[in-house]
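Tertiary structure, described
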Amino acid sequence: MFERHKDHSTPAAAMAEMTDIVVDQIRKLAELRDSGVLTEEEFAAKKAELLDRL
């Protein structure tokens, strides 16, 4: 019934998960750029924003 949350008992585990999320989002943004939905400038700005979260 209840969704189990991932164990973030260590800062390293939480950081690793955040890194995976950011990398996945950057990949998706790259696909949007490659398909012409985003410009190179839009991609670069969003990528920098995401990397600042790390």
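Everything below is about the structure printed above this text.
The text that follows walks through the structure, step by step, so that each part is easy to find. Predicted model only: the values in this text are computed from it and were never measured.

Parameters at a glance
- Residues numbered from 1 in each chain as written.
- Predicted model: local features only at pLDDT ≥ 70, side-chain atom pairs only at ≥ 80, totals over all residues.
- Heavy atoms only, no water.
- Salt bridge = Lys/Arg side-chain N within 4 Å of Asp/Glu carboxyl O.
- Buried < 20%, exposed > 50% of the residue type's maximum accessible area, 1.4 Å probe, protein only.
- Helix = DSSP H or I, 4+ residues; strand = E, 2+ residues; numbered from the N terminus.
- Expected span 1.5 Å × (residues − 1).
- Contact = heavy atoms within 4.5 Å.
- Axes fitted to C-alpha atoms, helices over the stretch in contact; angles between N-to-C directions.
- Parallel < 35°, antiparallel > 145°, perpendicular 65-115°, else oblique.
- Nonpolar A, V, L, I, M, F, W, Y, C, P; charged D, E, K, R; others polar.

1. Brief notes about the pattern of salt bridges
- According to the stated counting rule, one finds four salt bridges in the structure shown.
- A salt bridge links Glu 40 to Arg 33, with the nearest nitrogen and oxygen atoms 3.8 Å apart.
- A relative accessible area of 24% places Arg 33 in the partly exposed class.
- A salt bridge links Glu 49 to Lys 46, with the shortest nitrogen-to-oxygen separation between them at 2.9 Å. A residue pair is termed a helical-turn pair when its members lie 3 or 4 positions apart in one helix, as Glu 49 and Lys 46 do in helix α2 (residues 40-52) at three residues.
- Looking at Glu 49, the relative accessible area reads 39%, which means it is partly exposed.
- Assessed through its relative accessible area of 30%, Lys 46 is described here as partly exposed.
- Salt bridges here are not isolated pairs; linked through shared partners, they connect Arg 33, Asp 34 and Glu 40.

2. Examining helix α1 (residues 11-34)
- Its 24 residues give α1 an end-to-end C-alpha distance of 34 Å, which sits within 8% of 34 Å, the value for a rise of 1.5 Å per residue.
- Along α1, the positions that sit buried rather than exposed are Val 22, Ile 26, Leu 29 and Ala 30.
- Looking at the packing, one finds that the buried side of α1 touches α2.
- Where α1 ends, the next residue or the one after it, Gly 36, has phi of about 90°, a positive value.

3. Considerations on the packing of α1 against α2
- Two numbers describe how α1 lies on α2: the axes approach to 10 Å, and their chain directions differ by 175°. Viewed along their axes, α1 and α2 adopt a mutual orientation that is roughly antiparallel. Mapping the contact onto sequence places Val 22, Gln 25, Ile 26, Leu 29, Ala 30 and Arg 33 in α1 and Glu 40, Phe 43, Lys 46, Lys 47, Leu 50 and Leu 51 in α2.
- Considered class by class, the residues forming the contact of α1 with α2 number seven nonpolar, one polar and four charged.

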